Amino acid sequence: MFSNIDAGWADFELPGTYTYGLSYLTPVPFEWLDAAIHGLETLQPFCVKGYLEPGRMICTVSYRNCYVICEDDDRAVEDANKLPFKCSTMGMLEFCQQLADDIQRDLDAWAGFYSHCEDSDLPANKQRLLQKLERLRELTEQRRDTFAEGQMFIGWL
């Protein structure tokens with residue numbers, strides 16, 4: 001899902017989508033982990049985003065699929081049929097597992113992946129990420145049966 005971080009950039013790609021170069025202007029690991037945790041706690045679809053410089057990528061993570069759209073900084077949409085939209089068959093549980101694995105794999109780099117991060121912030125950021133990763137892993141285990149083949153998602157479960 002994520003490449004290794006390089007000079008404040010990380011590539012993000014899901015099966016069936018493009019590769020999106022996300023900038024460190026968005027605190028991706030913190031915001032994305034929070035969104036994923038909330039999604040699994042409530043069993044509701046969630047969105048994550050990243051700044052592309054210019055423009056932004058928005059990914060809606062639903063139960064069985066992810067939907068990715070890119071938009072530029074203009075408010076006008078000349079032709080809505082030409083918006084860069086992709087769908088991936090990666091579901092919520094797999095997305096959350098892979099998010100946790102990718103951040104864990106390069107934890108030190110992700111702890112500093114934010115434009116306002118100072119070197120003195122790194123130990124606290126790393127600890128915050130470890131806490132969020134632990135919670136996300138707990139939830140993925142708790143929800144594993146919920147996402148089993150043949151399960152239906154009808155409101156709150």
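Details of the structure are given in the entry above.
None of these values were measured; they are calculated from a predicted model.

Caption draft 1: Quick look at the overall build of the protein. Helices and strands together make up the secondary structure of the protein, namely four helices and six strands. Listed N to C, the secondary structure of the protein is β-β-α-β-β-β-β-α-α-α in terms of helices and strands. Taking 157 residues into account, the globule formula puts the C-alpha radius of gyration at 15 Å, and the protein, at 16 Å, falls close to it. Taken along the three principal axes of its C-alpha coordinates, the protein extends 45 × 45 × 20 Å. Counting over 157 residues, the protein shows a buried share of 41%. Taking the contacts inside the protein whose residues are at least 6 apart along the sequence as the reference set, 59% of them involve residues at least 24 apart. Roughly 8700 Å² of accessible area belongs to the protein as shown, and the carbon and sulfur atoms make up 49% of that amount.

Caption draft 2: The arrangement of the sheet that holds strand 3 (residues 46-51) in detail. Here we have four strands laid out as an open sheet, ordered 3-4-5-6, and antiparallel in their pairing. Of all the strands in the sheet, just strand 3 and strand 6 (85-88) have a single pairing partner and so form its edges. Neighbour-to-neighbour, the strand axes of this sheet turn through a mean angle of 20 degrees, independent of strand direction. Each of strand 3 and strand 4 (56-61) touches helix 1 (residues 28-42); the most contacted strand, strand 3, lies at about 170 degrees to it.

Caption draft 3: Main features of the nonpolar core. If you look at the biggest cluster of nonpolar residues, it comprises 43 residues, and the most contacted ones within it are Phe2, Phe12, Trp32, Met57, Cys59, Phe95 and Leu99. The biggest single contributor to this core is helix 1, with eight residues. Sequence-distant contacts of phenylalanine 95, that is, excluding residues within four places in its chain, are made with Met1, Phe12, Leu14, Trp32, Phe46, Val48, Cys59, Val61, Cys66 and Met90.

Caption draft 4: The arrangement of the packing of helix 2 (residues 92-105) against helix 4 (residues 122-143) in detail. Where helix 2 contacts helix 4, the axes come no closer than 10 Å and their chain directions differ by 150 degrees. Overall, the two elements helix 2 and helix 4 adopt an arrangement that is roughly antiparallel. For the element pair helix 2 and helix 4, the recorded crossing hand is left-handed. Only Leu129, Leu130, Leu133, Leu136, Arg137 and Thr140 of helix 4 make contact with helix 2, whose side of the interface consists of Leu93, Cys96, Gln97, Leu99, Ala100, Asp101, Ile103 and Gln104.

Caption draft 5: Examining the side chain of threonine 17 more closely. Tracing the sequence through the fold places threonine 17 in the loop between strand 1 (9-12) and strand 2 (20-23). In terms of polar contacts, threonine 17 uses its side chain to reach the backbone carbonyl oxygen of leucine 14, at 2.8 Å. What threonine 17 contacts, discounting residues up to four positions off in sequence, is Val68, Lys86, Cys87 and Ser88.

Thresholds, definitions, all that
Residues numbered from 1 in each chain as written. Predicted model: local features only at pLDDT ≥ 70, side-chain atom pairs only at ≥ 80, totals over all residues. Heavy atoms only, no water. Helix = DSSP H or I, 4+ residues; strand = E, 2+ residues; numbered from the N terminus. Rg over C-alpha atoms; globule rule 2.2 N^0.38 Å. Buried < 20%, exposed > 50% of the residue type's maximum accessible area, 1.4 Å probe, protein only. Contact = heavy atoms within 4.5 Å. Areas by Shrake-Rupley, 256 points an atom, 1.4 Å probe, with all protein chains shown as cover. Pairing = 2+ DSSP bridges. Axes fitted to C-alpha atoms, helices over the stretch in contact; angles between N-to-C directions. Core = buried A, V, L, I, M, F, W, Y, C linked by side-chain atoms within 4.5 Å. Parallel < 35°, antiparallel > 145°, perpendicular 65-115°, else oblique. Left-handed = near helix turned anticlockwise from the far one by under 90°. Polar contact = N/O pair within 3.5 Å; in protein donor to acceptor, adjacent residues only side chain to side chain.

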